[in-house]
Amino acid sequence: MDNFFLFSGLYLSFLMVLSLYRAVIGPTVLDRLIGANAIGSKTTVLLVLIGLMFHRVDMFVDIALAYAMLNFIAVLAASRYFQKRKGLFGE
Amino acid sequence: MDIIVVFLIICGLVFFTGGAVGILRFPDFYSRLHPAGKLDTGGALLMMVALALFNLHHFSLATVLTGLKIILIVVFVFLSSPTAIHGIVDAGVRAGLGPWTRGEKRR
Amino acid sequence: MPATTNTRENTILHEPGQGSDPGVTPSTRKRARAFLPYAITFILLFSLWIVLSGKFDPFHLSLGLISCVMVTLFSKDLIFPEPGTEGSLRTWVCFIRYVPWLLYQIFMANLHVLYLTFHPRMMDLIDPRIFRFQSRLKGDLPLVTFANSITLTPGTITVYVSIDGTFTVHALDKSSRESLPGEMERRIARAFGEE
């Protein structure tokens, strides 16, 4: 079972790399924001997986909860910030 | 029990794969939000439920509390993900970014 | 609805005058009903404290008790914004009954978007468009619930909701555009008692 968790964690990291491509290449700022949000929502699951691998779920679950909140607030703040910016098109 | 956990985790991974590939493949920013918003939420739900079930193997008070915390994360993701997606869409609309229509080249 | 809550508040205000004579059961029931939001808020907060702390020694439990009582007294309108208690209570019960159907719809939406994502000729299948429609829901909580449900279900994202119930929605393809407002609006209207 531990091996299964390990490989699903590795696969999740691979998917995060795919999302990172969109976050780096994305033509507009908001595309980058979507990539960052996707990475964050995968990280929340990955943290709980890591906790199961190290047999310390009780500690890692708190970190995952804090990370979910941080991701939410970061995306909201960034989208509010870029709302008033020109240059969303050319970039 | 293990079979259910493995099945749920594989379903969640398929959903996450769809989310990542969809973010890469869809033509414009509005349609990229669809896989980012829905498939990630669904994948997170399935994988978190699977991990909470696996965590309940050794049944005791501590594992029950940890399972409840994982369910709390799922509830929080379900409340916050549509709100974050709506925030991003709102920023796009206010900046005057038009949606992609059929026949244009992809952005 | 507002008239009844006003009268109830008045009776509660005048209660100290009437409460002295014995055998007034309705007033005590009203007082219990006014006490109910405090109790529910306190129970929710305290269970959240227990789940998050995970310690059961008297020191941590008393700390949680004190802080939960303080937060309950400070913000009694945290969960129940209006004084009409039993209406809100019924609303929450109906809302919990609405959740399983929403989960099923989310699962179907995920399958739909998954099919679109892995389709080789995806660019021909999708037809994104922004459109608007008028909903007959009123009140903040039903509108927010409807907006979040739209974002979570088949190929649609809420762009903007105005206060009188006009929804601006970005839809991914034709079938998801035609599914609004349909079954979901009826279910939400029934769940919040606006039928």
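Definitions and limits used
Residues numbered from 1 in each chain as written. Chains lettered and ligands numbered in written order. Predicted model: local features only at pLDDT ≥ 70, side-chain atom pairs only at ≥ 80, totals over all residues. Heavy atoms only, no water. Helix = DSSP H or I, 4+ residues; strand = E, 2+ residues; numbered from the N terminus. Contact = heavy atoms within 4.5 Å. Areas by Shrake-Rupley, 256 points an atom, 1.4 Å probe, with all protein chains shown as cover. Buried < 20%, exposed > 50% of the residue type's maximum accessible area, 1.4 Å probe, protein only. Core = buried A, V, L, I, M, F, W, Y, C linked by side-chain atoms within 4.5 Å. Phe/Tyr/Trp six-rings, centres within 6.5 Å; stacked < 30°, edge-to-face > 60°. Pairing = 2+ DSSP bridges. Buried area = accessible area lost by both parts, 1.4 Å probe. Salt bridge = Lys/Arg side-chain N within 4 Å of Asp/Glu carboxyl O. Polar contact = N/O pair within 3.5 Å; in protein donor to acceptor, adjacent residues only side chain to side chain. Nonpolar A, V, L, I, M, F, W, Y, C, P; charged D, E, K, R; others polar. Axes fitted to C-alpha atoms, helices over the stretch in contact; angles between N-to-C directions. pLDDT = per-residue confidence, 0-100. Patch = residues over 30% accessible without salt bridge, like charges linked within 9 Å, V, L, I, M, F, W, Y side chains within 5 Å.

Quick word on the overall build of chain C
Broken down by element type, chain C carries 9 helices and 3 strands. Counting from the amino terminus, chain C carries its helices and strands in the arrangement α-α-α-α-α-α-β-α-β-β-α-α. Considering only intrachain contacts with a sequence separation of at least 6, the fraction spanning at least 24 residues in chain C is 61%. Accessible surface for chain C amounts to roughly 11,500 Å². Of this, 66% is attributable to carbon and sulfur atoms.

With respect to the environment of C:Ala39
Residue and element names in this part refer to chain C. Assignment of secondary structure puts Ala39 in helix H3 (residues 25-53). Take Ala39: its relative accessible area is 23%, and that puts it in the partly exposed class. C-alpha separation for the pair Ala39 and Val69, spaced 30 residues apart in sequence, amounts to 9.8 Å.

Examining the nonpolar core
Membership of the largest hydrophobic core comes to 60 residues, with the highest contact counts inside it found for A:Leu12, B:Ile9, B:Met47, C:Phe146 and C:Phe167. Of the residues forming this core, the biggest block, 9 residues, is contributed by helix H2 (residues 29-55) of chain B. Look past the residues within four positions of C:Phe146 in its chain and what remains in contact with it is C:Phe133, C:Ser135, C:Leu137, C:Phe167, C:Met184, C:Glu185 and C:Ile188. A:Ala38, A:Val75, A:Ala78 and B:Val89 belong to the second largest nonpolar core, which has 21 residues in total.

Overview of the packing of aromatic side chains
For the structure on display, the rule yields 9 aromatic pairs over all chains. Consider the rings of A:Phe72 and B:Phe76, whose centres lie 6.0 Å apart with planes at 90°: the pair is edge-to-face. Highlighted residues: A:Phe72 in helix H3 (residues 57-82) and B:Phe76 in helix H3 (residues 61-94), drawn from two different chains. The pair A:Phe72 / B:Phe76 is uniform in exposure class, with both members buried. Summarising the aromatic geometry, the rings of B:Phe15 and C:Phe107 are spaced 6.2 Å apart at their centres and angled 50° between planes, so their arrangement reads as tilted. Of this pair, B:Phe15 sits in helix H1 (residues 2-25) while C:Phe107 sits in helix H5 (residues 85-118), on two different chains. The class of B:Phe15 is buried, set by a relative accessible area of 4%.

Describing the pairing of strand S2 (residues 156-161) of chain C
Within a regular strand, the side chains alternate between the two sheet faces. Residue and element names in this part refer to chain C. In this structure, S2 lies alongside strand S3 (residues 166-171), joined through 5 bridges in antiparallel fashion. If you follow Val161 over to S3, its bridge partner there is Phe167. A loop of 4 residues connects S2 with S3, the two strands running antiparallel in sequence, and Gly165 in this loop sits at a positive phi of about 95°.

Section: the side chain of B:Asp40
By the element assignment, B:Asp40 lies in helix H2. Ignoring anything within four residues of it in the chain, the contact list for B:Asp40 reads A:Ala38, A:Ser41, A:Lys42, B:Phe16, B:Gly19 and B:Pro35.

Focus: the interface of chain B and chain A
In this assembly, 42 residues from chain B lie in contact with 41 residues from chain A. Buried surface at the junction of chain B and chain A, summed over both partners, amounts to about 3,800 Å²; 81% is from carbon and sulfur atoms. The interface formed by chain B and chain A holds 4 salt bridges in total. When the shortest N-O distance is used, the salt bridge between B:Lys69 and A:Asp62 registers 3.3 Å. Our count for the chain B to chain A interface comes out at 7 residue pairs in polar contact (both at pLDDT 80 or more). At the level of secondary structure, the elements contributing two or more residues to the side of chain B that touches chain A comprise H1, H2 and H3 of chain B. Counting residues per element, the side of chain B that touches chain A draws most heavily on H3(B), at 16 residues. Its residues placed into classes, the side of chain B that touches chain A shows 27 nonpolar, 8 polar and 7 charged.

Remarks on the sheet that holds S2(C)
In any sheet, the strands associate via hydrogen bonds between backbone groups, in a parallel or an antiparallel arrangement. Across the sheet, which stays open at both edges, the 3 strands sit in the order S1-S3-S2 (chain C) with antiparallel pairing between neighbours. Strands with a single pairing partner mark the edges of an open sheet, and in this sheet they are strand S1 (129-134) and S2 of chain C. Each strand axis lies, on average, 30° off the axis of its neighbour in the sheet, ignoring direction. Bridge count for S1(C) against S3(C) is 6 bridges, and the pairing is antiparallel. Directly across from C:Phe131, in S3(C), lies its bridge partner C:Val169. Of the strands in this sheet, S2 and S3 of chain C touch H2(B), which is tilted by about 110° from S2(C). Each of S1, S2 and S3 of chain C is contacted by helix H7 (residues 140-152) of chain C, which is oriented at about 145° to S2(C), the strand it contacts most.

Some details on unusual backbone geometry
Backbone geometry places A:His55, a non-glycine residue, at a positive phi of 60°. Of note, A:His55 is situated in the loop between helix H2 (29-54) and H3.

Observations concerning the confidence of the model for chain C
Residue-level pLDDT values for chain C average 71, and 69% of them are 70 or greater. Here residues 1-24 of chain C scores under 50 on pLDDT; set against residues more than four positions off or in separate chains, the count is 16 contacts.

A look at the pairing of S3(C)
A large share of S3(C) lies buried, amounting to 6 of its 6 residues. Burial along S3(C) is two-sided: C:Thr166, C:Thr168 and C:His170 and C:Phe167, C:Val169 and C:Ala171, pointing in opposite directions, are all buried.

What to know about a nonpolar patch on the surface
A contiguous nonpolar surface patch, about 550 Å² in accessible area, is contributed by C:Ile66, C:Val69, C:Met70, C:Leu73 and C:Phe74. Turning to its location among the elements, C:Leu73 is positioned in helix H4 (residues 58-74).

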